Amino acid sequence: QVRLVESGGGLVQSGGSLRLSCTASGITFSTYAMSWYRQAPGKQRELVATISSTGDTTNSPDSVKGRFTISRDNAKNTAYLQMNSLKAEDTAVYYCNARRLVPMPPWTYDYWGQGTQVTVSS
């Protein structure tokens, strides 16, 4: 059974920091790209950051670039999201995602965590 368990969310003041963790079980973690998404009330889920399976490549949108850093420790089956200089608009439920694309036959393995609430007070 695949499980992704997020932790580290909470309430923080504007300008503060939080570090989210996502620990995976039931998958070969080192073969999955890991991502963090977030969803604020009344809004669509949006990508926050992605890291390749080896950790060599990361991507994030301009809205969080320079403030959020994604990383991973394949020995611990854990991905992290370091969030600095938090703003009120960062308030959302943050979800961890594990994705692996298999070329032949074409298939995508796609797993989600249950989410962790991040609330930034202004």
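All values reported here derive from a predicted model rather than from experimental measurement.

Colleague: Give a description of the packing of aromatic side chains that names residues and reports values.
Modeller: Considering all chains together, one arrives at two aromatic pairs under this definition. Between the aromatic rings of Tyr-32 and Tyr-111, the centroid separation amounts to 6.1 Å while the plane-to-plane angle is 45 degrees, which identifies the pairing as tilted. Taken together, the positions of Tyr-32 in the loop between strand 3 (18-25) and strand 4 (33-39) and Tyr-111 in strand 10 (residues 107-112) put the pair 79 residues apart, joining distant regions of the chain. A relative accessible area of 25% means that Tyr-111 is categorised as partly exposed. The ring centre of Tyr-95 lies 3.8 Å from the NZ or CZ of Arg-45, which sits over that ring.

Colleague: Now, about the sheet that holds strand 3: what can you tell me, with residues and values included?
Modeller: Spatially, four strands are ordered 1-3-8-7 in an open sheet, and the strand pairing comes out antiparallel. In the strand order of this sheet, the two ends are held by strand 1 (3-7) and strand 7 (68-73), each with one partner. In this sheet, neighbouring strand axes are inclined to one another by 15 degrees on average, regardless of whether the strands run parallel or antiparallel. Of the strand pairs in this sheet, strand 3 and strand 8 (residues 78-83) are connected by six bridges, and their pairing is antiparallel. Among the inter-strand pairings, Cys-22 is bridged to a residue of strand 8, identified as Ala-79.

Colleague: Describe the pairing of strand 4, naming the residues involved and giving the relevant values.
Modeller: Counting buried positions along strand 4 yields five of seven residues, so the element is predominantly enclosed. Examined bridge by bridge, strand 4 and strand 9 (residues 92-102) share seven bridges and lie antiparallel to one another. The residue of strand 9 that forms the bridge with Met-34 is Ala-98. Here strand 4 runs beside strand 5 (residues 46-51); their pairing, made up of five bridges, is antiparallel. Pairing of Arg-38 across the sheet is with Glu-46, part of strand 5. The antiparallel hairpin formed by strand 4 and strand 5 contains six residues in its connecting segment, where Gly-42 sits at a positive phi of about 75 degrees.

Colleague: Please provide a residue-by-residue account of the side chain of Thr-78, values included.
Modeller: Locating Thr-78 in the fold gives a position in strand 8. Only 3.1 Å separates the side chain of Thr-78 from the side chain of Thr-23, close enough to count as a polar contact. Not counting the four nearest positions on each side in its chain, Thr-78 is found in contact with Ser-21, Cys-22, Thr-23, Phe-29, Arg-72 and Asp-73.

What counts and what doesn't
Residue positions are given per chain, counted from 1 along the sequence in the order it is written. Reporting of local features is limited, given that this is a predicted model, to residues whose pLDDT is at least 70; pairs of side-chain atoms are given and counted only at 80 or more, and all residues count toward the totals for whole chains, interfaces and linings. Excluded from the side-chain calculation are hydrogens and water; included are all heavy atoms of the structure. Between 30 and 60 degrees the pair is tilted, below 30 it is stacked and above 60 it is edge-to-face, where a pair is any two Phe, Tyr or Trp rings, Trp via its six-membered ring, whose centres lie within 6.5 Å. Helix numbering and strand numbering both begin at the N terminus, where a helix is a DSSP run of H or I of at least 4 residues and a strand a DSSP run of E of at least 2. Burial classes: relative accessible area under 20% of the type maximum marks a residue as buried, over 50% as exposed, and values in between as partly exposed (1.4 Å probe, protein chains only). By definition here, charges over rings are those cases where NZ of Lys or CZ of Arg is within 6 Å of the ring centre and within 35 degrees of the ring normal. Only when DSSP finds a minimum of two bridges between them are two strands counted as paired. The convention used is that axes are lines fitted to C-alpha atoms, helices contributing only their stretch in contact, and that angles between N-to-C directions extend from 0 to 180 degrees. Polar contact criterion, stated in full: a pair of N or O atoms within 3.5 Å, where within protein one must be able to donate a hydrogen and the other to accept it, and residues adjacent in sequence count only if both atoms are side-chain atoms. Note on contacts: a residue pair qualifies if any of its non-hydrogen atoms lie within 4.5 Å across the two residues.

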